[in-house]
Amino acid sequence: MASASSARQKVKLFYFDCLRARAEHLRMMMRYASIPFEDELVAFNDWPSLKNGGKLPHGRGGKTQLPVLQKEDGTMIPETNDIAAYIARLSSVTSSRTNLYPELESARTMFNACNSGPLALAMPLANRASISESKEQLPEWMSTTLPLLQAYENSLRTIQKSSATTGPFFNGEKPHYGEFGLFHVVDLIRFLDPSTLDTLPMLQAWSVSMSSLHGIKEYLSTRPQACTWQIGMKGSRMYGVDPIEMAQTYFELSNIHDMASIRTHLASDTVYDSSGTGLHHGISAVMDMMSCFHESYKDVHWEITGTRRGEEPLEAIVDFTMKLDANTETITGVETIKLNQVGEIAFIKVRKSSVLIYT
């Protein structure tokens, strides 16, 4: 993909095609500053040949890594922090309206802090770690991350109380380039834990202002969306869980009466809706009902006869048959399963053509 702009510079950004990580804030900066660029998306299968092909420069540690920015004259810049500083310098000569203030030490400090240390761990937790690993590591990581966000909250409150400063940003009326680094991290943190900013109202308002900027609002709505199997490593929080695959797993576990494993796939606030057993709210109520049913019908068995995607992105519809035991008639029905953004089953609805009971 490439952005269109009237600015004269044309650069090329090399980064992996499946990660919302170390190139995301760079893309936002260039979109905001109206710097035309080519988004050179690199597949993981192609990375070894590109890495060893001698075209890309080494970073400070002597390794060849992405992102890399190719300037208009063909020379290349490795290292995310250096690329951000260069983009900021470009912005200062392309448009005064979208100057990213490369001369500000506060901008450099903020960007670098968000690209290293605890804050930067949001990128692998969202894009690379498995869903179970991410959930396991999240509490400890948030315990170190929240104090850092609180510090930014306090700083923003102090800045906005200053009589000499107006505007919603750390830099006043217009953001500096470090704020794009922070916005990217905050965006990932909110994806990992949507309640993060509930106690940080200044950062919450600032985030809304950042997401409404020229070029950013459009980009956020058109980039590959989370949990739609377009972005992130397969199995990660960002990639999401295919609801059809989850539905198949759920049926398989039901057939072997593995209540413990079923429980791990249910959201804490899951809802189960059946005309046969009623409406059940919360994982405890749902598991009690399921356990009781399986105790009563130890030979129950389901067969999936068809699957399809529902109207919502994380919704699967499953056609099935069921026999309570070898001597009962086959029952046919339809089950709707909806996932939440972390790949847990959040809603189950069962409708059968005859007697309505639990599936």
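Because the structure is a prediction, the values reported are computed rather than measured.

Undergrad: Please explain the overall build of the chain as it appears in this structure.
TA: Helix and strand counts for the chain stand at 13 helices and 10 strands. A total of 359 residues make up the chain; the buried ones form 49% of that total. Sequence separation of 24 or more characterises 62% of the internal contacts of the chain that already satisfy a separation of 6 or more. When the accessible surface of the chain is summed, it comes to about 16,500 Å², and 51% of that surface belongs to carbon and sulfur atoms. If you average the places of the 34 positive and of the 40 negative side-chain charges in the chain, the two averages end up 7 Å apart.

Undergrad: Teacher, can you tell me more about helix α8 (residues 178-192) here?
TA: An α-helical segment advances 3.6 residues per turn. Residues three or four places apart therefore align on the same side. Between the first and last C-alpha of α8 there are 22 Å, a value that for 15 residues agrees with the 21 Å anticipated at 1.5 Å per step. In terms of burial, α8 is largely enclosed, as 13 of its 15 residues are buried.

Undergrad: What exactly am I supposed to notice about the sheet that holds strand β5 (residues 266-274) here?
TA: Adjacent strands of a sheet pair through backbone hydrogen bonds, lying either parallel or antiparallel. Read across the open sheet, the 6 strands follow the order β6-β5-β10-β9-β8-β7; overall the sheet is mixed. One side of each edge strand has no neighbouring strand; the edge strands of this open sheet are β6 (278-281) and β7 (301-309). Here the average twist between neighbouring strands, direction ignored, is 20°. Pairing between β5 and strand β10 (residues 345-352): 5 bridges, direction parallel. By the bridge assignment, L266 is partnered in β10 with I345.

Undergrad: Teacher, can you tell me more about the packing of helix α4 (residues 105-114) against α8 here?
TA: A pair of packed helices is captured by two measures, namely the crossing angle of their axes and the spacing between those axes. Orientation of α4 relative to α8, taken along the N-to-C sense of each, is 25°, at an axis distance of 7 Å. With respect to their mutual orientation, α4 and α8 come out roughly parallel. Helix-helix and strand crossings are classified by hand; for α4 and α8 the assignment is left-handed. Where α4 approaches α8, its residues A107, M110, F111 and C114 are matched on the opposing element by G178, E179, G181, L182 and V185. Grouping the constituent residues of the contact of α4 with α8 by class yields 6 nonpolar, 2 polar and 1 charged.

Undergrad: Quick question: what am I supposed to make of the packing of aromatic side chains here?
TA: By convention here, two paired aromatic rings are described through the distance between centres and the angle between planes. Applying the stated criterion across every chain yields a total of 12 aromatic pairs. Among the aromatic side chains, those forming a connected cluster through ring pairs are Y15, F16, F44 and W47. Above the ring of F191, the side-chain terminus of R237 is found at 5.8 Å from the ring centroid.

Undergrad: Would you mind going over the sheet that holds strand β2 (residues 37-42) with me for this structure?
TA: Read from one edge to the other, the open sheet built from 4 strands follows the order β2-β1-β3-β4, with strand pairing classed as mixed. Each edge of the sheet is formed by a strand with only one pairing partner; in this case those strands are β2 and β4 (76-78). Taken over all neighbouring pairs, the strand axes of this sheet differ in orientation by 20° on average, direction set aside. The sheet contact formed by strand β3 (residues 68-70) and β4 spans 3 bridges and is antiparallel. By the bridge assignment for β4, Q70 is matched with M76. Strands in contact with helix α1 (residues 24-32) are β1 (11-16) and β2; relative to β1, the strand with the most contacts, it is inclined by about 155°.

Undergrad: What should I look at first to understand the layout of surface pockets in this one?
TA: Taking a probe equal in size to a water molecule and rolling it over the atoms shows the remaining empty space. Put simply, the largest pocket is a space of about 280 Å³. Forming the walls of the largest pocket are 15 residues, and the residues nearest its centre are Y15, F16, R22, L66 and R128. If you list the elements that add at least two residues to the lining of the largest pocket, you get β1, α2 (47-51) and α6 (122-127).

About the thresholds
- Residues numbered from 1 in each chain as written.
- Predicted model: local features only at pLDDT ≥ 70, side-chain atom pairs only at ≥ 80, totals over all residues.
- Heavy atoms only, no water.
- Helix = DSSP H or I, 4+ residues; strand = E, 2+ residues; numbered from the N terminus.
- Buried < 20%, exposed > 50% of the residue type's maximum accessible area, 1.4 Å probe, protein only.
- Contact = heavy atoms within 4.5 Å.
- Areas by Shrake-Rupley, 256 points an atom, 1.4 Å probe, with all protein chains shown as cover.
- Lys, Arg positive; Asp, Glu negative; His and termini not counted.
- Charge placed at Lys NZ, Arg CZ, Asp CG, Glu CD.
- Expected span 1.5 Å × (residues − 1).
- Pairing = 2+ DSSP bridges.
- Axes fitted to C-alpha atoms, helices over the stretch in contact; angles between N-to-C directions.
- Parallel < 35°, antiparallel > 145°, perpendicular 65-115°, else oblique.
- Left-handed = near helix turned anticlockwise from the far one by under 90°.
- Nonpolar A, V, L, I, M, F, W, Y, C, P; charged D, E, K, R; others polar.
- Phe/Tyr/Trp six-rings, centres within 6.5 Å; stacked < 30°, edge-to-face > 60°.
- Lys NZ or Arg CZ within 6 Å of the ring centre and 35° of its normal.
- 1 Å grid on protein atoms, 1.4 Å probe; cavity = no way out; pocket = protein on both sides within 12 Å on 5 of 7 lines; lining within 4 Å.
- Points joined across faces, edges and corners; volume = space filled by probe spheres on them.

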